[in-house]
Amino acid sequence: MPPDPVPISALQHWTYCPRQCALIHVEQAYADNIHTARGNAVHKLVDTPGYEMKAGVRVERSLPLWSDRVGLIGKADLVEFHPDGTVFPVEFKNGPKRKHVHDDIQLAAQALCLEEMLNKPVPLGAIYHASSKRRREVSITPDLKRLVETTTEAVRATLVSGKLPAPVNDERCDQCSLKDICQPEAIAGLRAQAYLRNQLYEP
Ligand code: SF4
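Thresholds applied
- Counting restarts for each chain, with residues numbered from 1 along the sequence as it is written.
- The predicted origin of the model limits local features to residues at a pLDDT of at least 70 and limits the giving and counting of side-chain atom pairs to 80 or more, whereas totals for whole chains, interfaces and linings rest on all residues.
- In computing side-chain properties, one takes all heavy atoms of the structure into account and sets aside hydrogens as well as water.
- To pair, rings of Phe, Tyr and Trp, with the six-membered ring standing in for Trp, must have centres within 6.5 Å; the planes then decide the type, stacked if under 30 degrees apart, edge-to-face if over 60, and tilted in the middle.
- For the purposes of this entry, the term helix denotes a DSSP run of H or I that reaches at least four residues, the term strand denotes a run of E that reaches at least two, and both are numbered from the N terminus.
- Each residue is placed in one exposure class: buried if its accessible area under a 1.4 Å probe, protein chains only, is under 20% of its type's maximum, exposed if it is over 50%, and partly exposed if it falls in between.
- Neighbouring residues are identified by heavy atoms, a residue being near a molecule or strand if any of them is within 4 Å of it.
- Three classes are used, and their members are as follows: Ala, Val, Leu, Ile, Met, Phe, Trp, Tyr, Cys and Pro are nonpolar, Asp, Glu, Lys and Arg are charged, and the others, Gly among them, are polar.
- Lines fitted to the C-alpha atoms define the axes, with helices restricted to the stretch that makes contact. Angles between their N-to-C directions range from 0 to 180 degrees.
- Working definition: roughly parallel below 35 degrees, roughly antiparallel above 145 degrees, roughly perpendicular at 65 to 115 degrees, and oblique for all remaining angles.
- Throughout, a residue-residue contact means that at least one pair of heavy atoms, one from each residue, lies within 4.5 Å.
- Throughout, right-handed denotes a crossover for which the path from the first strand over the helix to the second runs clockwise when the strands point away from the viewer.
- A pair of strands is treated as paired once DSSP finds two or more bridges between them.

Draft legend 1. Molecular detail of the packing of aromatic side chains. Taken as a whole and judged by the stated rule, the model has one aromatic pair. Judged by centre distance (4.8 Å) and plane angle (45 degrees), the ring pair of phenylalanine 92 and tyrosine 128 falls under tilted. Taken as a pair, phenylalanine 92 in strand E5 (residues 87-93) and tyrosine 128 in strand E6 (residues 124-129) lie far apart in primary sequence, 36 residues in all. For the pair formed by phenylalanine 92 and tyrosine 128, the shared burial category is buried.

Draft legend 2. Structural context of the site of the ligand. The immediate surroundings of the ligand are formed by Cys17, Gln20, Leu23, Pro167, Val168, Cys173, Cys176, Lys179, Cys182 and Pro184. At the level of secondary structure, the elements contributing two or more residues to the shell around the ligand comprise helix H2 (18-25) and helix H6 (179-182). Of the residues assigned to the shell around the ligand, the class counts are eight nonpolar, one polar and one charged.

Draft legend 3. Representation of the packing of helix H4 (residues 101-118) against helix H5 (residues 142-161) within the structure. One way to put it is that H4 packs onto H5 with a least axis distance of 9 Å and a crossing angle of 90 degrees. The pairing of H4 with H5 is recorded here as roughly perpendicular in orientation. Across the interface between the two elements, Val101, Asp104, Ile105, Ala108, Ala109, Leu112 and Glu115 from H4 touch Leu144, Lys145, Leu147, Val148, Glu149 and Thr151 from H5. Class assignment of the residues belonging to the contact of H4 with H5 gives a composition of eight nonpolar, one polar and four charged.

Draft legend 4. Main features of the pairing of E6. Here E6 lies mainly inside the structure; five of its six residues are buried. A crossover links E5 with its parallel partner E6, the connecting element being H4, and its sense is right-handed. Bridge count between E6 and strand E7 (residues 134-139): six bridges; the pairing is antiparallel. Within E7, the residue paired with tyrosine 128 across the bridge is arginine 135. Where E6 hands over to E7, the hairpin turn is made up of four residues, of which lysine 133 adopts a positive phi near 50 degrees.

Following this line, the structure appears as structure tokens:
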């Protein structure tokens, strides 16, 4: 039996912060900030399913994706189908051209799904950075594919357990729309107090 499918978006959330992933995918928490609002605006450009032809390239928008082998489900913002048989996924991101592993893992998961669905290699894809209107090409390396598989397993285990991981409580929290819900400083303070209490009363 194939493993329970994990949403591809959860891999990106997990790689950014495991607690953020659990808040969204276990507790269904949601809050907007300037970063999510800009991201939503960027995805509006590509969230209507359909296709167009551009210089002989068929460009599919909002294409459903899955992998029974790894247990993934989601969609690709754009997939280019070139006349020479090349299949090339493109993920839209808000922000300037900058490498982020949480973006790359999402693209690699899409490539892995396309490989299984189409039974052909998908060795390259790109992140389209909306602020700079530039593409950053990403090689779908064996290491990146392995990271997709191990991250999928870690996310699935958290979804099954329903437990919230500890807050990272670092500079990532400043950009996170869930900061008010998560309360990373308060929880880190409680954990520190519990640690001190345990030290104090240790026989
Ligand atoms: S506020 Fe920080 S710890 Fe909490 S979910 Fe966001 S990034 Fe993670």
